[in-house]
Amino acid sequence: MWYRNFPIRGIQFYDGPINVQNCTFRKFAALEGRHTSALAFRLNNAWQSCPNNNVTNLHFENVPITSRVFFGEPGPWFNGLDMDGDKTSVFHDVDGSVSEYPGSYLIKEDNWLIRHPDCIDVPDWRGSICSGRYAQVYIQAYRSPNLQMKIIKNDYYTHPLYLEGALSKSTHYQQYQPVITLQKGYTIHWDKTAPEELVLWLINFNKNDWIQVGLCYPKGTTFSILSDIHHRLLKKTEKTGVFYPSLQMDRLEYRYPTKGYYYWDDDTGLLFLKLKAQHEKEPFAFCSVKGCERIRIKANLPKKAQISDCQAKAYPKYAEKPSVDVPMPKKLPATHMDHFVELKVESYKTRYLHLKDDFAYISVDGKKFSLSEDGIQVVVVDGHDGKVVDQMSFRNSILQGIPGQIDNYVNNIRDNSIVVMMSKGRFIAKGPWSKVLEKLGAQRGFKLKGKVFFLNRAMHIDSDG
């Protein structure tokens, strides 16, 4: 029947803020051909997902850890998983009862607006565990309702997020609602000419929270920019300040309740503003106690203006190095057999004298295993309790010979062990030793390249059969 492959979910997040607390989920286990999870998100969500969605004190009985959360994947019922709300799914795991990382945020794995280098990917969830301070910007585009918006975080400029807008194409304006990381820089681009009027709403910003944004416009555009506060219940708007042009980017830092500055970079076609909240906000309110803080931009566009996509000129000029502003929380101690094992692997091909020997390493729940010479490092983890049971290094001098030593080592690995392997430096990639990877599950006929990272559960597959 039509519903036999409909995804099973205990609670689904939509809009928000949604709070889930003191709940027990029982028997949410994956069925063949049917996605099952205790927590999930509304299907085909064109609207938004609020970063203040949160969970506390959840319990799972007969729910494998792989079925606690599912962010979705393209296919039946999820369709392309490409609507704006699908792309921005997020919730706050306040006490770590879902992820084992208290205070973390669970996000869609490919949302680079809110990722950082220490985020932990959970492939079964199609999600990641991250830390950070997040908010939203509502971007309303008037007199240009059918544009696709592209927003880029400066520290991951090769991973833009494309949004179609949350409203019907027949409306007189369009609204885009990305979740963003605070205290970061962004640029915004369009697939056609930029809108003549934009209204930027600061949503879920606490006082003094800020982001810097560069908006793409055609050369020759002139601007009128002001700030206001919109009282949603009273349906009244109060002008609060004016933005003045500056010839120096540094002037953006001088943001006051009644005065601010903007910077126009003629080389890239970017208009820069600092969006900074001026008023306090109640914990789960979208807007401040004074009302919704907004920036209004009216642009006088030149005639026959072209597509407003400045990405090629904006980067690498405004690229930033990825950083972790809020450290990842410490993982909770395991209290039952079904729990996460945190694996981190660093591998490199070229060896530099100024690099320490442990630059290439395998880390299991924070314990590092490094290789002192060029070659291969192997770490074996018990597949039941997640504890390291053995580790071994194989230098190039061993790899280039008869593979008896590494072959015997692999043959003695117990079934259901998790095998992690990484390379260091210019290891021997084409030697006969690499055949042992087929015993561990690698596809027959594979080829090794410049560096190796291998992870699999050992089942001792017969490479001859």
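In this text the structure is predicted, and so the values were computed from the model without any measurement. (Residues numbered from 1 in each chain as written. Predicted model: local features only at pLDDT ≥ 70, side-chain atom pairs only at ≥ 80, totals over all residues. Heavy atoms only, no water.)

### Quick notes on the state of the cysteines
Two cysteines joined by a covalent bond between their sulfur atoms form a disulfide.
Consideration 1: Summed over the entire model, instances satisfying the criterion amount to three disulfides.
Consideration 2: In this model Cys-119 forms its disulfide with Cys-130; the gap between the sulfur atoms is 2.0 Å. One disulfide, between Cys-119 and Cys-130, carries an S-S torsion of 125° and so falls in the right-handed class. Of this pair, Cys-119 sits in the loop between strand S8 (104-108) and strand S9 (120-122) while Cys-130 sits in strand S10 (residues 127-130), and the two are 11 residues apart along the sequence.
Consideration 3: The disulfide that involves Cys-216 links it to Cys-310, with 1.8 Å between the sulfurs. Residues Cys-216 and Cys-310 are joined through a disulfide that is right-handed, its torsion about the S-S bond being 70°. Of this pair, Cys-216 sits in strand S18 (residues 210-216) while Cys-310 sits in the loop between strand S23 (292-300) and helix H2 (311-314), and the two are 94 residues apart along the sequence. (Disulfide = S-S within 2.5 Å. Helix = DSSP H or I, 4+ residues; strand = E, 2+ residues; numbered from the N terminus.)

### Quick notes on the side chain of Arg-9
Consideration 1: As for its position among the elements, Arg-9 is in strand S1 (residues 8-13).
Consideration 2: Buried and unpaired, Arg-9 has no salt bridge, with Asp-86 as the nearest side chain of opposite charge at 8.7 Å.
Consideration 3: At 2.6 Å, the side chain of Arg-9 and the side chain of Gln-12 are in polar contact.
Consideration 4: One polar contact links the side chain of Arg-9 to the main-chain carbonyl oxygen of Phe-41, over a distance of 3.1 Å.
Consideration 5: Sequence-distant contacts of Arg-9, that is, excluding residues within four places in its chain, are made with Phe-28, Ser-37, Ala-38, Ala-40, Phe-41, Leu-43 and Phe-78. (Buried < 20%, exposed > 50% of the residue type's maximum accessible area, 1.4 Å probe, protein only. Lys, Arg positive; Asp, Glu negative; His and termini not counted. Salt bridge = Lys/Arg side-chain N within 4 Å of Asp/Glu carboxyl O. Polar contact = N/O pair within 3.5 Å; in protein donor to acceptor, adjacent residues only side chain to side chain. Contact = heavy atoms within 4.5 Å.)

### Focus on the packing of aromatic side chains
We describe a pair of aromatic rings using the distance from one ring centre to the other and the angle between the two ring planes.
Consideration 1: A full pass over the atoms with the stated rule returns 19 aromatic pairs.
Consideration 2: Each ring, one from Phe-13 and one from Phe-91, has its centre 4.8 Å from the other, and the planes form 15°; the classification is stacked. Taken together, the residues Phe-13 in strand S1 and Phe-91 in strand S7 (residues 90-93) connect sequence positions 78 residues apart.
Consideration 3: You can call Phe-91 buried: its relative accessible area is 0%.
Consideration 4: Taken together, a centroid distance of 6.0 Å and an interplanar angle of 70° make the contact between Phe-25 and Phe-28 edge-to-face. For the pair shown, Phe-25 and Phe-28 are each scored as buried. (Phe/Tyr/Trp six-rings, centres within 6.5 Å; stacked < 30°, edge-to-face > 60°.)

### Digging into unusual backbone geometry
Consideration 1: The omega torsion of the bond from Gly-16 to Pro-17 falls at 5°, within 30 degrees of zero and hence cis.
Consideration 2: Positionally, Pro-17 belongs in the loop between S1 and strand S2 (19-21).
Consideration 3: In the segment running from Tyr-315 into Pro-316, the intervening peptide bond is cis, with an omega of 10°.
Consideration 4: Counting through the fold element by element, Pro-316 comes out in the loop between H2 and strand S24 (343-346).
Consideration 5: Positive phi values are uncommon outside glycine, yet Trp-77 reaches one of about 75°.
Consideration 6: On the basis of relative accessibility, which here comes to 27%, the residue Trp-77 falls in the partly exposed class.
Consideration 7: For Asn-208, which is not a glycine, the phi torsion comes out positive at approximately 75°.
Consideration 8: Structurally, the position occupied by Asn-208 is in the loop between strand S17 (197-203) and S18.

### What about the side chain of Glu-293?
Consideration 1: Relative to the elements of secondary structure, Glu-293 occurs in strand S23.
Consideration 2: Of the side chains with opposite charge, Arg-255 lies nearest to the buried Glu-293, which makes no salt bridge, at 5.7 Å.
Consideration 3: Here the side chain of Glu-293 touches Gln-278 through a polar contact of 2.8 Å, landing on its backbone nitrogen.
Consideration 4: Among the polar contacts made by the side chain of Glu-293, one reaches the main-chain amide nitrogen of His-279 at a distance of 3.2 Å.
Consideration 5: Ignoring sequence-local partners within four residues, the contact set of Glu-293 consists of Leu-200, Trp-201, Leu-202, Asp-228, Ile-229, Lys-276, Ala-277, Gln-278, His-279 and Ser-288.

### Quick notes on the sheet that holds S24
Backbone-to-backbone hydrogen bonds pair the strands of a sheet. The strands run either parallel or antiparallel.
Consideration 1: Across the sheet, which stays open at both edges, the three strands sit in the order S24-S25-S26 with antiparallel pairing between neighbours. At either end of the open sheet lies a strand with only one pairing partner, and these are S24 and strand S26 (367-370). Adjacent strand axes in the sheet meet at a mean angle of 15° when their direction is disregarded.
Consideration 2: Bridging between strand S25 (residues 361-364) and S26 involves four bridges; their strand directions are antiparallel. Paired with Tyr-361 across the two strands is Ser-370, which belongs to S26. (Pairing = 2+ DSSP bridges. Axes fitted to C-alpha atoms, helices over the stretch in contact; angles between N-to-C directions.)

### Points about helix H4 (residues 404-411)
Consideration 1: By the burial criterion, the buried members of H4 are Ile-406, Tyr-409 and Val-410. For H4, the angular spread of the buried residues around the axis is 95°, confining them to a single face. (Arc of directions from axis to C-beta.)

### Description of the pairing of strand S27 (residues 375-382)
Consideration 1: Among the eight residues that make up S27, eight are buried, leaving the element largely enclosed by the rest of the structure.
Consideration 2: Examined bridge by bridge, S27 and strand S28 (residues 388-395) share seven bridges and lie antiparallel to one another. Looking at S28, one finds that Val-380 is bridged to Asp-390.
Consideration 3: Connecting S27 to the next strand, S28, in antiparallel fashion are five residues, including Gly-386 with a positive phi near 75°.

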